[in-house]
Each structure stands twice: as structure tokens, then as C-alpha cells.
Amino acid sequence: MVISRKVLLLNASYEPMNLVTAPKALTLVWRRVAETLELDHGYLIHTPRFAFEVPSVIRLTHYIDVRSRQNRVTNRHRIFARDHYKCQYCGHRGTAFDLTLDHILPKSRGGRTLAENLVTACQPCNNRKGNRTPEEARMPMLTNPSALYYGLEKVALRQAAEIRPEWRRYLFLEVFEEAIFQNNDSAVSA
Ligand SMILES: [Zn+2]
């Protein structure tokens, strides 16, 4: 079904943001919120009078600062409130005095201090989990907090790239960026 074709949405900076449906993508392009970078060859959406070529990759015309939006909610009490002051591993209900924030993907392994990567945990669960992911520690989370959303989305994007080869060069852009930054760092320290 052409209606359910997925379209890769990039920020104005070419950073992958999300997958949207074909009709949503066409609406964004129609309203000039986004521009088409790649077409989904041969797929058309018909209205009574027109046929629109379905895009495969679109890019926002104006940059959206996702990181600063997320940073605004990276506040201990807001995350406790989001998680209802409950340890997301064992369900223990606590207070701001005895609860901790756990990095779902540990900090030492590149996990960032953003709402999407933080959950409320009691001290014993936090210690037990240590330097592991919930999967590695076999500590499934009680809820699927919005914290997880972004991480899962990235995995979904990588998987999608397997079947949509035209997406590949957009999805791995961040890796290139990191490489560029690292090169710059070493140039400075040299
Ligand atoms: Zn716990």
C-alpha cells in the first residue's frame, strides 16, 4: 500500500529525525515545510485530480533544535514525575531523597544525559544494573518511557536502511560527523 510507504525525514542539517508516512511527507512538502531529496521510484498518491510522486527522503527547510528541546526536560524532578516516583526496574515507590536517575545506556558507554536516556531507579537496582544495558542486566523496565523512544527509533532507521538502499547515505551521516570532529580534536591537540 502506497499510503503506508515510509519516508525518511531529515532535519535541515541532514540529521535523520524520524520516519513519516507518505501522505504526511507529501503534506510537509506541499506546505513547504520540507523539500524532497529523493523520490520513492514509481510510487504515486492519487487524488481525484492529481497524482503526486511519493518522496523517499525529505528534508526540513528550517532547522529544529531537538537537543535543546530534550535538554529542557533533563531535570531530576521532572523525570521522577514522568516515572511517577517509581523505580522503573522493581516498582519501588520512593522520594527524591532515595531515588536515583539511571542512564539506560550507561554514560561510560556513550549514553547521554538526556531525558530519553534516563529513568528513575532505586539505589539497589541502580547498583545491580551497574555498567550494563537493561537487556544485558536482564532487568526489563516496567514502562517503555519516552526516554527509550529515540534510541529505538535509531535502531528502526538502521534496519529500514537495509531495505531502502537510497536511505543509507543519510542514515550514516552522523558517523561521518563524529569522524570529522575527532579529526579536528586530534588536529588541535597535535
Ligand atoms: Zn528498584
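Quantities reported herein were computed from a predicted structural model and do not represent experimental measurements.

Draft legend 1. Main features of the pattern of salt bridges. Throughout the structure, instances matching the rule amount to 6 salt bridges. Note that Arg59 is salt-bridged to Glu35, the shortest N-O span being 2.7 Å. Taken together, the positions of Arg59 in strand S4 (residues 51–60) and Glu35 in strand S3 (residues 34–46) put the pair 24 residues apart, joining distant regions of the chain. Where Arg164 meets Asp40, a salt bridge forms, and the shortest distance between an N and an O atom there is 3.2 Å. Separated by 124 residues along the polypeptide, Arg164 in the loop between helix H5 (146–163) and helix H6 (168–171) and Asp40 in strand S3 bring together distant segments of the chain. Taken as a pair, Arg164 and Asp40 share a single burial class, namely buried. Where salt bridges share partners, they join Arg5, Asp40, Arg164 and Glu166 into one cluster.

Draft legend 2. View of the coordination of the zinc ion. In this structure, Cys87 (SG), Cys90 (SG), Cys122 (SG) and Cys125 (SG) serve as the protein donors to the zinc ion, at separations of 2.3 Å. Around the zinc ion, the 4 donor atoms sit at angles spanning 103 to 114°, and that spread fits a shape best called tetrahedral. Summarised as a motif, the one-chain spacing of the donors to the zinc ion is C-x2-C-x31-C-x2-C. Cys125 carries the same exposure label as Cys122, and that label is buried.

Draft legend 3. Broad picture of the packing of aromatic side chains. Here the structure, examined in full by the defined rule, presents 3 aromatic pairs. Here the aromatic rings of Trp30 and Phe52 are separated by 6.0 Å at their centres, their planes lie at 80°, and the arrangement is edge-to-face. Linking Trp30 in helix H1 (residues 22–30) with Phe52 in strand S4, this pair joins segments that are 22 residues apart in sequence. Here the aromatic rings of Phe80 and Tyr85 are separated by 5.8 Å at their centres, their planes lie at 45°, and the arrangement is tilted. Owing to a relative accessible area of 28%, Tyr85 belongs among the partly exposed residues under this scheme. What links up through ring pairs into an aromatic cluster is the set Trp30, Phe50 and Phe52.

Draft legend 4. Just the environment of Val54, in detail. Summarising the element assignment, Val54 is placed in strand S4. Judged by relative accessible area, which is 0%, Val54 ranks as buried. Measuring from C-alpha to C-alpha, the distance between Val54 and Leu44 comes to 5.5 Å, with 10 residues separating the pair along the chain. In contact with Val54, not counting residues within four places along its chain, are Val2, Ala22, Leu39, Asp40, Tyr43, Leu44 and Ile45.

Draft legend 5. Local environment of unusual backbone geometry. One non-glycine residue with positive phi stands out, namely Arg32, at about 60°. The residue Arg32 is located in the loop between H1 and S3 in this model. A relative accessible area of 70% places Arg32 in the exposed class. With a phi angle near 50°, Arg138 is a residue other than glycine that sits in the positive phi range. The exposure class of Arg138 is exposed, given its relative accessible area of 74%.

Definitions and limits used
Within each chain, residue numbers correspond to sequence positions counted from 1 in written order. Local features are withheld for residues below a pLDDT of 70 in this predicted model, meaning they are given only at 70 or higher, and side-chain atom pairs are given and counted only at 80 or more; totals for whole chains, interfaces and linings count all residues. For side-chain calculations, the full set of non-hydrogen atoms in the structure is used, while hydrogens and water are omitted. Definition used for salt bridges: Asp or Glu carboxyl oxygen within 4 Å of a side-chain nitrogen of Lys or Arg. We count a stretch as a helix when DSSP gives it H or I for four or more residues in a row; a strand needs E for two or more, and each element gets its number in order from the N terminus. Accessibility here uses a 1.4 Å probe with only protein chains present; expressed as a share of the type maximum, an area under 20% marks a residue as buried, one over 50% as exposed, and anything in between as partly exposed. The donor definition counts N, O and S atoms within 2.8 Å of each metal and applies 3.2 Å to Na, K and Ca; water is not among these atoms, so some sites may look incomplete. By the criteria applied here, four donors are tetrahedral when all angles lie between 85 and 135 degrees, four are square planar and six octahedral when opposite donors are over 155 degrees apart and every other angle lies between 65 and 115, and any other arrangement is irregular. Put simply, two rings from Phe, Tyr or Trp (the six-membered ring, in Trp's case) pair if the centres are within 6.5 Å, and we call them stacked under 30 degrees between planes, edge-to-face over 60, tilted for the rest. Contact between two residues is taken to exist if any of their heavy atoms lie within 4.5 Å; hydrogens are not considered.

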